[in-house]
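The lines below spell out each chain.
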Amino acid sequence: MDGSPERGAQQGDNVLGSNSILDRPDWLTRLDSRLRNQEEELTLVKSALADALRRLSFYDRQIPLLRRQVLEANCLPSEARDEPTVLSQDNGAFWILPSALSNDSSLPATRQTGDHPEPLPGAKRTQGSMVTVGTQTEELAILVLRRGQSLVNGHGKGEPVQVPTDTGEGDSSHGPASSGHQDLLKNSFGIQGAGEDLGFASEGQSLPKEAQGDGGSIPDACFEEAEDTGGSPSEDSVDKVPSGGPPPPSAQPPGRETPSPGSPSEGSSNSSTPASPVPAVQSLMASKKELLRRNSSSDKPTKTKLRLTKKAASSANLLNRSSSLENRIKDPTLSPGPLSARRMNYNQERHSVKMFLRGRPITMYIPSAFLNYDDLRMEQPSEKLQLDWVYGYRGRDCRSNLYVLASGELVYFIACVVVLYHVQNRTQRHYLKHTDCVRCLAVHPDKVRVASGQMAGVDKDGKPLQPFVHIWDSSTLLPLQEIGLGSFERGVGSLAFSTTDEGMYLCVVDESNEHMLSIWDCSRATKLAEIKSTNESVLTVEFNPQDSSNIITTGKSHVYFWTWSGGSLTKKQGIFGKYKKPKFIQCFVFDTNSDVLTGDSEGNILIWARVAADVRTLGKGAKETYQISKQTRAHEGSIFSLCLCHNGTVLSGGGKDRRLVQWSPCLTLLQEVEIPEQFGAVRTIAEGDGGELLVGTTRNALLRGSFMDGFRPIIQGHTDELWGLGTHPSRDLFVTCGYDKQLCMWDGGEHTLAWSVTLEETGLCADFHPSGKVVTVGLSTGRWVVLDTETQQVLSTNADGNEQLSVVRYSPDGEFLAIGSHDNFIYIYSVEESEQKYTRFGRCTGHSSFITHLDWSKDGKFIMSNSGDYEILYWDVAGGCKLLRNRFENKDREWASYTCVLGFHVFGVWPVGSDGTDINSLCRSHNERVVAVADDFCKVHLFQYPCAKPKAPSHEYGGHGSHVTNVRFTHSDGYLISMGGKDTSIFQWRVLGGSLPRSRSFSSASISSQDAGVST
């Protein structure tokens, strides 16, 4: 806002006049509700479609493998079915396995070492145990890797496979399979048989008797960890070794963990195969082709299959990659359901934790270091925050908000904080009892007590917070009275203490349509009188310093002179007569003669003198009135402030001309000075000690000086919504940027603005190079600039796409720069020539929504990123910006920073019932003890790190009056910087307690239930 009431009014009138929809708010509410419901229904439909396509793709790939397994089972000789299998080992020992086709599968496999057989670990099988149905999961693969054993046709996983049979794959001498084989084969494709669902048997499980039948059973399937793309092992990946021969070169050596296979080749699933001798396989193949024809417009199975695979992969982008595309566990989970699309649910599976945001599942794998995850305790951290400094001042849209107290401190406000700033000592104190933005101030005649009024707001549950006025002691910062809770609407617009009776009364004007004017007893907090003032905006209110029964209000197109008597209030409107009536009377002051001086939007100062009442016309008892006695042209444009000095002179501050003028009591110009353009127009004026002047400006700055020496800033701030924040890697410096196109470097130690430059576009994100010599700023147009932190010179300018940039982040070694954009890509640049040359290295492609956050690994080779649809993806930058589809393999990776809002180590910070937009930013401290969170409810939270349990407790801190957009720790973790959005405030918090750094890294080190949290 430019501070001009005329402009705001004109714009408001135009909008109301041209938009008839505003007259029907109920229609807009219903439309918004319908759109939200449709959005949620589309999300659920897309989720179901993606899941169905994944299953179809997986079933399609499994047919050749299942047919091969059935053929091998049918082609084994009878001796092999009835006798145990003996496998020799290189160390002289050998495995003794029970018959794979025996009706009694409860016999465990044993290992013969010398003369003593030993049971095969993990080979004991329980007859009649159920097995999972459908597709295998990453969680199941994790279980296999952890236990170190699984069975392939009765052999231990990781051992050379030696099949003692001479039967080839195409041997069909044994004829069709028995009915038991047919039932089991149907069940392996998810078809109900004998009332049970059957699939692949995992370790420690066996097939039910009904499935085994009289003719034998299918051997156990080998569980291999596969990629997220839904790939399954090809036929060639199954070990085929002649009896008695050595293992082939491709066989996995003993004791070595099986790596994740790559994506299957086309030949493994699309190659032509001979007709199966098993009728069940023939029927399944026929049904498969039928299914493909139903789901595709093409009659060619190969093309249809490729198209389905591609559709499944692209549709999977609609969901978070919560598990591999070919893997879905059949254990009971918390389904989001249509009614919980706006809720967040947690579900802990065996080796992962799943949460839902707006109906979308997000799976996070538990790192190996968390040995006792169930026993992990979440407690409030021992560290706490204390507000150390507030940068900024609210001058762009408020007036009469700067006063000098008896202690010599300046009192002003920004966001929900009333700041008491001692100029000489350069210290701040803060009154923090308000629950929403402070709008107005008044200082008691004793210059110790202060009244501050706030706006109405809503809490995090959407319940309205009623406005009120606090009267508090500036020396102790303790509240004395709370006035008007439940009496005011929308907010408190203006305040004034009475003067003649030692400040016994307080006059309040609220922001309701009628702008209710009320008078309160300060000591008892009781209402003495109330009346509707006007439907026009009221800007100022004051008691007559010589007579508390006389009150004046000014605002849009009016000056009202009020008379208070008992419980009644009466008003008289000021008559302009021959003088042009201004659109706004924005300020006024009583002079030494109790006359009233008003400043208006025409740039004129009018003197309203007391005039005796016309008794002949009005009758006896008529009181004196005010009439205009003089008009003086003072400024070009509006007059925003008038101030009566101790020596009787008057100060006026202009808006358009930025002039500060001193006038004699009879309005003769004495001297003037022009405020520098960078600080904006004069908003308010206060007189300090020794004739020192203090000026608040419309560009949210406080200036100190005099007519002779000029003015310099003592407090500065941004003027529009803030988003970008970056902290220096080795000093207490930080940069901020926002919609005002200003890039500001702040010195956190000196509490000053080091420098400021104007950007060509809106700045939305920023980050320092690890050397601290340059800072990179991402803009709203896809451009980004690199500036020298010492000279403020632009070193490099680049552009990636034409959409806004959300995040820029240097790698820990400074060799790469990652840029996250709203075009769904992450651009990687190599940094050369002393941080001055940037060359495109690659582009990370795979997100299905805009990038929100990203972090580098400690080795500078990998990236973790979040997106607008709640994806968590991992990238191998050093390997060519490749997407790491197997997210399980990244669970133990260590991260140089942690600013991603979604991840195992921080998912506990999300509040219950979150819709996925409640957390704007978070930051882990460098010592990895705590994590700070910026939410949408004007709060800053401090959690224990890691925060890996739902409903984790935290320390909560208020003060911001808008959504908190960003938080960052300084290099030494001594301070935390937080930024409000539309309140334009920057808070510097001091971190108290917990000074000893943790001795281990919580991203990978062992954590027990005892050292997981510390109490406050």
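For the structure, see preceding data.
What you see is a predicted model, and the numbers here were worked out from it, not measured in a lab.

Attention shifts here to the pattern of salt bridges. Summed over all chains, the structure comprises 25 salt bridges. Residue D397 is joined to R394 by a salt bridge in which the shortest nitrogen-to-oxygen separation is 2.8 Å. For the salt bridge of K858 with E894, the shortest nitrogen-to-oxygen distance reads 3.5 Å. With a gap of 36 residues between them, K858 in the loop between β53 (851-856) and β54 (862-867) and E894 in the loop between β56 (882-883) and β57 (919-924) connect regions that are remote in the sequence. Residue K858 is classed as partly exposed on the basis of its relative accessible area of 37%. Here the residues in one salt-bridge network are K858, E894, R924 and E928, joined through shared partners.

A few words on the nonpolar core. Residues L410, Y412 and Y421 are the most contacted members of the largest nonpolar core, which totals 43 residues. The greatest single-element share of this core, amounting to five residues, is contributed by strand β10 (residues 384-391). Beyond its immediate sequence surroundings of up to four residues, L410 is in contact with L402, Y403, V404, V419, L420, Y421, V423, L694 and I714.

Further remarks concern the environment of E815. Of note, E815 is situated in the loop between β49 (805-810) and β50 (816-821). Owing to a relative accessible area of 45%, E815 belongs among the partly exposed residues under this scheme. On a C-alpha basis, the gap between E815 and S830 in space is 5.8 Å, while along the polypeptide they are 15 residues apart. Ignoring any residue separated from it by four or fewer positions in sequence, one finds E815 in contact with Y829, S830 and V831.

Our next topic: the pairing of strand β55 (residues 872-876). The element β55 is largely enclosed, with a buried count of five among its five residues. Going residue by residue along β55, you find I872, Y874 and D876 tucked away on one face and L873 and W875 tucked away on the opposite face as well. Sheet analysis places β54 next to β55, joined by five bridges and oriented antiparallel. Paired with S865 across the strands is L873, a residue of β55. Taken together, β54 and the strand that follows it, β55, pair antiparallel across an intervening segment of four residues, in which Y870 is found at a positive phi of about 70°. Where β55 meets β56, two bridges bridge the pair, whose relative direction is antiparallel. Opposite W875, over in β56, you have L883 as the bridge partner. The hairpin turn running from β55 into β56, its antiparallel successor, is five residues long, and G880 in that turn takes a positive phi close to 105°.

The subject of this paragraph is the side chain of H718. Mapped onto the secondary structure, H718 falls in the loop between β40 (710-715) and β41 (722-727). Judged by relative accessible area, which is 1%, H718 ranks as buried. At a separation of 2.7 Å, a polar atom in the side chain of H718 contacts the side chain of T736. Only 2.9 Å separates the side chain of H718 from the side chain of D740, close enough to count as a polar contact. Beyond its immediate chain neighbours, meaning those up to four positions away, H718 contacts N700, T736, C737, D740, Q742, C744, W746, T984 and I986.

Basis of the calculations
- Residues numbered from 1 in each chain as written.
- Predicted model: local features only at pLDDT ≥ 70, side-chain atom pairs only at ≥ 80, totals over all residues.
- Heavy atoms only, no water.
- Salt bridge = Lys/Arg side-chain N within 4 Å of Asp/Glu carboxyl O.
- Helix = DSSP H or I, 4+ residues; strand = E, 2+ residues; numbered from the N terminus.
- Buried < 20%, exposed > 50% of the residue type's maximum accessible area, 1.4 Å probe, protein only.
- Core = buried A, V, L, I, M, F, W, Y, C linked by side-chain atoms within 4.5 Å.
- Contact = heavy atoms within 4.5 Å.
- Pairing = 2+ DSSP bridges.
- Polar contact = N/O pair within 3.5 Å; in protein donor to acceptor, adjacent residues only side chain to side chain.

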